[in-house]
Amino acid sequence: DTLTLSINPPPVKPVAGSNTPVCSGNTLNLSASTSTSGVTYSWTGPGSFTSSLQNPARTNVTTAAAGDYIVTATITATGCSARDTETVVVRPTPVVNATNNTPVCEGATVNLFSSATPTSTFAWSGPGSFTSSAQNPTITNASPAASGDYIVAVTLNGCTGKDTTTVTVKPNPITPLTNSNTPVCVGGTISLTAASNAGSTYSWTGPNSFGSTLQNPSRANVVMADAGVYSVIATLHGCVSPAGSTTVVVNPAPFVTIYPTTSDSICQDSTVTFIALPANAGASPSYKWTKNSSPAVLGTSNTLVSAAINNNDIIRCEMTETTKCGTAFKDTSNEVKMTVLPWLAPSVSISSNPTTPLSPYELITFTAIPVNAGNNPKYQWQRNSSDVIGATSSTWATQQLSNNDSISVILTSDYKCPQPKTAGSNSIKVVVLTGVDDV
């Protein structure tokens, strides 16, 4: 008997290939080829991998996918096969954790952080064409335009891992526009205002330990120490604006004093001039003169000339100043109570002690008795119508008289309204005994 044996040739050995090395998380692409036609392929590999594709792919690989991959090419008609092996290397992709220190306020520093293995390289990118090769870069004086996503790519052994962190830079409130009612006067009220930053809170500071959290605070009963610069900041979402400021001037309170010329005592039917002396006032305050309780205005200049003054009339002046206190400031002067004196005629009489006749060289004292002469009238004693030198008091005593001497006095009144100013007294004729009549 005859047995015919057929020895079939195997296929040409396939060539296995791949995109090794690959990084974990990526796709492993395997490939096989042979010049023999009519073959099928069968792949086996690590982790129980199998495939009947000629060029299979393995997605999202881990380091466990590394190792030998065997491909078998089989001729379908004869079942003869050949194989090849491809050794695959899977490198670990760095695990990246990107963080930052935001939210921060405009003008602050943004700090970016990334975890890494030593010898890694870094590539940051972000808004506004930001790039950096530092592991933990910073952005100084950050603006709101720096807000957004920052991506860091960390490369190790040819494998790159990425992570994203979102940065928030909050805008600062705008500088508050400030104003005040400067100038103000001592005792007045300072009113401060800050233009609104919607949703903001406010903090004011100022001279003499001033502080307030109101948007538009006021300060009453001010003193000179309250003058100076008042500053305010606005805070919104934890961010603080630049400070706005306003300078407040505190002036001494204006006041007015009045006085009559030349005195608050005048003679009946006399004309008197009252003068207003302003202090701490500007160039042109206004005036209103009044008398007693009447609202009638007697004059509007800084002087008042009047002939219609009666005894015990009270004169006052109200001054209005518009330049020193921010608003119109009124001050009422002191009151001047007038005394109107009648015109009075002075008179004087004299007496003597002892009365005549006198002995030779006997001391005699003459006394003047004034009427309507005021508190301190002046006297001039006369002997025989001639002034006695040095005899100018209300009494005069002498031992040097002769028989038939005539003694009198001239009075000069110091009363404010005398009519006339002087008066002459009666005369006393002196009798001095000679001694002949006695015999």
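In this report, the structure presented in the accompanying data block is examined. Keep in mind that this is a model prediction, so the values were computed, not measured. (Residues numbered from 1 in each chain as written. Predicted model: local features only at pLDDT ≥ 70, side-chain atom pairs only at ≥ 80, totals over all residues. Heavy atoms only, no water.)

**Some words on the pairing of strand S34 (residues 314-321)**
Part 1 of the reasoning: With respect to burial, S34 is a largely interior element, six of its eight residues being buried.
Part 2 of the reasoning: Judged from the six bridges that link them, strand S32 (residues 286-291) and S34 form a sheet pairing that is antiparallel. By the bridge assignment, Lys288 is partnered in S34 with Glu318.
Part 3 of the reasoning: Bridge analysis of S34 against strand S36 (residues 336-337) gives two bridges, and the strand direction is antiparallel. (Buried < 20%, exposed > 50% of the residue type's maximum accessible area, 1.4 Å probe, protein only. Helix = DSSP H or I, 4+ residues; strand = E, 2+ residues; numbered from the N terminus. Pairing = 2+ DSSP bridges.)

**Considering the sheet that holds strand S24 (residues 218-219)**
Part 1 of the reasoning: Pairing in this open sheet of three strands is antiparallel, and the strands run S19-S21-S24 from one edge to the other. Of all strands in the sheet, those with a lone pairing partner are strand S19 (178-180) and S24, marking the two edges.
Part 2 of the reasoning: As paired elements, S19 and strand S21 (residues 190-194) share three bridges and run antiparallel to each other. Bridge pairing in S21 links Thr178 to Ala194.

**What to know about the packing of aromatic side chains**
Part 1 of the reasoning: If you walk through the whole model with that rule in mind, you get seven aromatic pairs.
Part 2 of the reasoning: For the ring pair Phe210 and Tyr230, a centre distance of 5.4 Å and an interplane angle of 70 degrees mean the geometry is edge-to-face. Here the residue Phe210 occupies a position in strand S23 (residues 210-212), and Tyr230 occupies one in strand S25 (residues 228-236), the gap between them amounting to 20 residues.
Part 3 of the reasoning: Plain terms: the ring middles of Phe366 and Trp381 are 6.3 Å apart, the flat faces sit at 45 degrees to each other, and that makes the pair tilted. Of this pair, Phe366 sits in strand S39 (residues 364-371) while Trp381 sits in strand S40 (residues 378-383); the two residues are 15 residues apart in sequence, bridging distant segments of the chain.
Part 4 of the reasoning: Note on Phe366: relative accessible area 0%, which makes it buried.
Part 5 of the reasoning: Classification of Trp381 by relative accessible area gives buried; the value is 0%.
Part 6 of the reasoning: An aromatic cluster is defined as three or more aromatic residues linked by ring pairs; in this entry it consists of Phe366, Trp381 and Trp396. (Phe/Tyr/Trp six-rings, centres within 6.5 Å; stacked < 30°, edge-to-face > 60°.)

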